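Chains, contacts and geometry: an overview
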Amino acid sequence: MNIYIFDMDGTLTLPRQKMEKDFSYRFLPWLKMRLAYLVAGSNYEKITEQLPPDIISSFSGVYSSMGNVFHQKGVEIYRNDIKLNKEMLQTLERFRKSTEYNGKLYTNYMELRPGMLNFTVLGRNCPFAERAKYHEWDNIHHEREKIAKAINEQFDEYVATLGGKISIDIVTKGGGKEQIAEHIRARHPNDKIIFIADRTEVGGSDYTLAEALRNMENTEVITVKSPEDVLSYLNI
Ligand code: M1P
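These lines cover the structure that appears in this document, whether it is placed above or below. As the structure is a prediction and not an experimental result, all values here were calculated from the model. (Residues numbered from 1 in each chain as written. Predicted model: local features only at pLDDT ≥ 70, side-chain atom pairs only at ≥ 80, totals over all residues. Heavy atoms only, no water.)

Now for the overall build of the protein chain. Secondary structure assignment for the protein chain yields nine helices and eleven strands. Taken against the 2.2 N^0.38 rule, which gives 18 Å for 236 residues, the C-alpha radius of gyration of the protein chain at 17 Å falls within 12% of a compact globule. Dimensions along the principal axes, computed over C-alpha positions, put the protein chain at roughly 50 × 35 × 30 Å. With 236 residues in all, the protein chain has 53% of them scored as buried. Put simply, 65% of the contacts in the protein chain that link residues at least 6 apart link residues at least 24 apart. When the accessible surface of the protein chain is summed, it comes to about 11,400 Å², and 51% of that surface belongs to carbon and sulfur atoms. (Helix = DSSP H or I, 4+ residues; strand = E, 2+ residues; numbered from the N terminus. Rg over C-alpha atoms; globule rule 2.2 N^0.38 Å. Buried < 20%, exposed > 50% of the residue type's maximum accessible area, 1.4 Å probe, protein only. Contact = heavy atoms within 4.5 Å. Areas by Shrake-Rupley, 256 points an atom, 1.4 Å probe, with all protein chains shown as cover.)

In the structure shown here, the tally under the stated rule is 15 salt bridges. A salt bridge links Glu-49 to Arg-16; its shortest N-O distance comes to 3.5 Å. Pair noted here: Glu-49 is in helix H2 (residues 44–50) and Arg-16 is in the loop between strand E1 (2–7) and helix H1 (21–32), with a separation of 33 residues, a long-range link. Judged by relative accessible area, Glu-49 falls into the partly exposed class, the value being 46%. Its salt-bridge partner being Glu-201, residue Arg-199 comes within 2.7 Å of it at the nearest N-O pair. Of the residues examined, Glu-201 reaches a relative accessible area of 36% and is grouped as partly exposed. Through salt bridges with shared partners, one network takes in Lys-46, Glu-111, Arg-113 and Arg-124. (Salt bridge = Lys/Arg side-chain N within 4 Å of Asp/Glu carboxyl O.)

Within the largest apolar cluster, 27 residues are counted, with the highest numbers of intra-cluster contacts made by Phe-6, Leu-12, Phe-27, Leu-38, Leu-51, Phe-59 and Ile-196. Mapped onto this core, the elements with two or more residues apiece are E1, H1, strand E2 (35–39), H2, helix H3 (53–58), strand E10 (192–197) and helix H9 (227–234). Ranked by the residues each element gives to this core, the list is headed by H1, at five residues. Ignoring sequence-local partners within four residues, the contact set of Ile-196 consists of Tyr-4, Ile-5, Phe-6, Asp-7, Thr-11, Ile-222, Val-224, Val-230, Tyr-233 and Leu-234. Counting residues in hydrophobic clusters, the runner-up holds 22 residues, among them Met-88, Leu-117, Phe-155 and Leu-162. (Core = buried A, V, L, I, M, F, W, Y, C linked by side-chain atoms within 4.5 Å.)

For the rest of this paragraph, the subject is helix H4 (residues 86–98). Working note: α-helix, 3.6 residues per turn, so residues spaced by three or four point in the same direction. Between the first and last C-alpha of H4 there are 18 Å, a value that for 13 residues agrees with the 18 Å anticipated at 1.5 Å per step. Regarding H4, the residues found buried are Met-88, Thr-91, Leu-92 and Arg-96. Down the axis of H4, the buried set is contained in an arc of 140 degrees. They therefore lie on one face. When the buried face of H4 is taken as reference, the exposed residues oriented beyond 90 degrees from it are Lys-86, Glu-87, Arg-94, Lys-97 and Ser-98. The N-capping residue of H4, defined by a side-chain oxygen 2.8 Å from the backbone nitrogen of Glu-87, is Asn-85. (Expected span 1.5 Å × (residues − 1). Arc of directions from axis to C-beta. Polar contact = N/O pair within 3.5 Å; in protein donor to acceptor, adjacent residues only side chain to side chain.)

This is how it looks when you write it as structure tokens:
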């Protein structure tokens, strides 16, 4: 039997967008007949904003905040904590103050989630259009890559990876999406595990899980570019 793991943003939905009606119409019957898990960098509340309830309840389990919280049928099964180093927070504050991005900056630039910190120079409380503007600028200036590199070089206990369009995700070593590989393998010791995600490249938010699975037997990693790609891969 195959066990599927799906990433959310960029895979089942466009980043931070609701699942398209046509997508859920085609995906739900397929999902109901399979054993599948969801893993997202976002917290559980954002997952409930983006995915319809019948899709969420058809997953065998939902990992949010990069695997640091696990829900089954709406019930929280576990959650992890993170200890934040003061110096690391000060480094992030300096990046926010010294940014060369000349657009407006918004509040909620450090979002503490269970087991992780999401940091964005722009601020999460920005209007949606500002996300695209910052993302375009960042594609040219690579600010997020520089911040993630600095955190990874200066603070051995943390791992920083690019989030979606505007942010970076910071976890303690081993506290990223990769932690769910063992958790799922323990639940399904003899089954093939197939992970479907869009950011499996080095430094991408799905890379550590993709690598953890590649290092296990009887697994496969499928990289997609969009929800459309997922439908093509599933042939639905
Ligand atoms: O799931 C991918 C990422 O989605 C959001 O990223 P951004 O706000 O940068 O587009 C965040 O929830 C991030 O934590 C997550 O990894």
